[in-house]
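A structural walkthrough
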Amino acid sequence: MSESDVTKDGIRGERPDREALVGKGMPRRRKGRRGERAMVPEAKFTSYYGKPVLNPPTWEPLDIAGYFFLGGLAGAGSVLAAGAQLTGRRSTARALKISSLVAITGSAAALVHDLGRPERFANMLRVLKPTSPMSVGSWLLAAYGPAAGAAAVLDVTGFLPRLGRAATAGAAALGPAVAAYTAVLAADTAVPAWHGGYRELPFVFVGSAAAAASGMALITSPARENAPARSAAVLGVALETAAAKVMERRLGLVGETYRQGRAGRLMRAAEALSVLGAAGAALGGRRRTTAVLSGAALLAASACTRFGVFHAGTQSAEDPKYTVVPQRQRLEAAG
Amino acid sequence: MTESLIGRNLLAGNEPDPAGDAGHRDHPPRVGFFTDTSVCIGCKACEVACKEWNAIPEDGLELTGMSYDNTQGLGASTWRHVAFIEQRKPLGNAEAGVAHEDGVAQEAGVAREDGLAHEDGDATDLRWLMASDVCKHCTHAACLDVCPTGALFRTEFGTVVVQEDVCNGCGYCVPACPYGVIDQRKEDGRVWKCTMCYDRLGAGQEPACAKACPTQSIQFGPLDELRARADERVRQLHEIGVTDARLYGRDPDDGVGGDGAFFLLLDEPEVYGLPPDPVVTTRDLPSMWRHAGVAALTLLGGLAAVFAAHGRPEGKR
Ligand code: SF4
Ligand code: SF4
Ligand code: SF4
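Residues numbered from 1 in each chain as written. Chains lettered and ligands numbered in written order. Predicted model: local features only at pLDDT ≥ 70, side-chain atom pairs only at ≥ 80, totals over all residues. Heavy atoms only, no water.

Here we look at the overall build of chain B
What counts, and what does not: For the purposes of this entry, the term helix denotes a DSSP run of H or I that reaches at least four residues, the term strand denotes a run of E that reaches at least two, and both are numbered from the N terminus. Throughout, exposure labels follow a simple rule: accessible area from a 1.4 Å probe, protein chains only, divided by the maximum for the residue type, with under 20% read as buried, over 50% as exposed, and the rest as partly exposed. Note on contacts: a residue pair is in contact if any heavy atoms of the two residues lie within 4.5 Å. Values of accessible area rely on a 1.4 Å probe in the Shrake-Rupley scheme; residue burial ignores everything except the protein chains shown.
Helix and strand counts for chain B stand at ten helices and ten strands. Per-residue burial for chain B yields a buried fraction of 59% across its 317 residues. Once local pairs closer than 6 in sequence are excluded, the contacts in chain B between residues at least 24 apart make up 66%. For chain B, the accessible area works out to roughly 12600 Å², and carbon and sulfur atoms hold 53% of it.

Remarks on the interface of chain B and chain A
We count it as follows: Values labelled buried area give the accessible surface lost by two parts on being combined, using a 1.4 Å probe and summing over both. Each salt bridge in this description consists of a side-chain nitrogen of Lys or Arg and a carboxyl oxygen of Asp or Glu lying within 4 Å of one another. Polar contact is defined as a pair of N or O atoms within 3.5 Å, subject to the rule that within protein one atom must be able to donate a hydrogen and the other to accept it, and that residues adjacent in sequence are counted only when both atoms are side-chain atoms.
Each side of the interface is counted separately: chain B has 112 residues, and chain A has 90 residues. Approximately 8500 Å² of surface area, both sides summed, lies buried where chain B meets chain A, with 58% of it carried by carbon and sulfur atoms. When the shortest N-O distance is used, the salt bridge between Arg328(A) and Glu268(B) registers 2.7 Å. Here chain B and chain A share 38 residue pairs in polar contact (both at pLDDT 80 or more) between them. In terms of residues, the side of chain B that touches chain A owes the most to one element, helix α10 (residues 285-310) of chain B, which gives 17 residues.

As for the confidence of the model for chain B
Residues and elements named next belong to chain B. Just so we agree on the cut-off: Every residue gets a pLDDT, meaning the predictor's confidence in that residue, from 0 to 100.
Taken over all residues, the pLDDT of chain B has a mean of 89, while the share at 70 or more is 85%. With pLDDT under 50 throughout, residues 1-7 is counted as low confidence; its partners more than four residues away or in other chains account for 13 contacts. Throughout residues 100-122 the model reports pLDDT below 50, and contacts reaching past four residues in sequence, or to other chains, amount to 28 contacts. With pTM at 0.90, the complex prediction returns an ipTM value of 0.90.

What about the packing of helix α3 (residues 90-114) of chain A against helix α7 (residues 201-220) of chain A?
All names here are of chain A. This is how it is decided: Axis lines are fitted through C-alpha atoms, for helices just across the contact stretch, and the angle between N-to-C directions can take any value from 0 to 180 degrees. To sort the angles, those under 35 degrees are grouped as roughly parallel, those over 145 as roughly antiparallel, those from 65 to 115 as roughly perpendicular, and the leftovers as oblique. Whether a crossing is left-handed or right-handed is set by the direction in which the near helix is turned from the far one by less than a right angle, anticlockwise for left-handed and clockwise for right-handed. Gly falls in the polar group here, along with every residue not listed as nonpolar (Ala, Val, Leu, Ile, Met, Phe, Trp, Tyr, Cys, Pro) or charged (Asp, Glu, Lys, Arg).
Where α3 meets α7, the closest approach of the two axes is 9 Å, and the angle between their N-to-C directions is 125 degrees. Here α3 lies oblique to α7, going by the angle between them. In this structure, α3 meets α7 at a crossing whose hand is right-handed. Taking contact as the criterion, the partners of Thr-92, Ala-95, Leu-96 and Ser-99 in α3 are, on α7, Ala-213, Met-216, Ala-217 and Thr-220. Each residue belonging to the contact of α3 with α7 can be placed in one class, and the counts come to five nonpolar, three polar and no charged.

Here it is as structure tokens:
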């Protein structure tokens, strides 16, 4: 097939290189029986030896799902703390301020722990990039963390009450953003189960955060003060469950990653635990034991949701089906 | 603010001058690769040249059974990857060059039970697709958009490069890339990918992989030129009956605003492990922030309403 020869006088005959006429040389085939083969249904999708199209997240589940969970617990906890303080529920307010401080510290620690180069954490604050939810989130944490810290420390010590109230209000204002931005962080990737759910995921996350923080309030506060936490638990669970259902439906084929494997087990556990926790809180929350058990169930449910979402994402990235099929459908719909 | 970014085409859509929009003044023309897989012979010279030039560590010596591909895919220590696909499909009107006796053909799994007999009876319908994959240097690069440290940046050549002295290994760019290119080197902690040989470009040289390619399957040059040349090549192939030939990543109006490194393929992209319709994830970011904002306000409002409804605790009134 080669068209060149190396001779004493140099190379004779030109190699075609990038002009090579590949695909030329055989007589054109008769169509004939070939056409019948097209009747055999095509495989649903093709892939390269079943290899994933995407590189799945390198994040450690414990670090990043933990970071989502603790961020939600802290953020929604700050709102509950401010509400408790304004309505004269002193011990609830104090307990939640402390829990928010501990949770946000844990959340930031998990994020730093997950870095490949933890000593370069400060590089997160090298720039402020609105196109990077992790950059926006780092700045948010840089503002929220000190506010939550001051709110807790000034409450416990009783110093500077006016500054304490300002810090409490500040943390409550930033808290919902802390609880919600992690959903954008997950959704702003090519991971099908996360990106495809970007409309509902923030609602799943804030609902889950509200459930976790009310769970914490139920555990830590006296029954006399826990009526709002019981209602908040029901609201949070309702929001989270409804949003998760809508998201699964919208995801279509990719939605099955939330029902299968480890993600499926975690999502089912989350649903069972949150219904149990919300029902316990609503019906038996006046009794201390029931309140504590319900609170624990709500916290566990919220953690299960975050881990479930995390694993659904990983599962959807590891199987080329979830990348190829929706994109094919999109192309076909566009014509 | 994010809206204005969309307005200026910085998040999605046609974007004629990515280097200029990244703040480079008087920059050289945007360069890229046109990888014409129809002339690739699967020699892997590009893989080797890339490893050598960039001093990339070894990342596993396995026999996969995936034809001649033991590299498997792009990753932190594989910046060029040659895919091998064996298909029972004729390549246009090609002479496959596989001349077996019928018995041999059957043993090799190239049975003729489907009646695909050949006039001359000495060739089989076997084709071997080979394609050298690489970072696409997207016009709208998700990896770059989501990087929180600014380690990933747009060079004056319009390419996308990681500054390894800035990257803190947060790993955000890894799942953001719609092509599965960039990855974390676990023992090092940071992420790595093709730099389009930024060092060589700066010295006026072409990238090592293109230099090493013996068939000019990997063509380097100003993107405009490459696009024109690719259009001509597709026309040429269609003319001789290779109707499968198509360009991938050539269209500046696609989901990533066109690739800086684009390809001529002979089958659907997913056959080569490429996504059929990649979209830069940050295209939807303004909407994501809006939804998150509404969710945050729902949380704040909902909890405020709860406290308003319950008022002060009994006994304290
Ligand atoms: S292909 Fe992936 S790694 Fe390369 S520029 Fe595009 S998004 Fe970044
Ligand atoms: S891993 Fe490095 S390059 Fe990738 S997003 Fe994080 S800081 Fe940027
Ligand atoms: S351009 Fe350079 S870094 Fe990129 S694949 Fe080719 S040799 Fe490797």
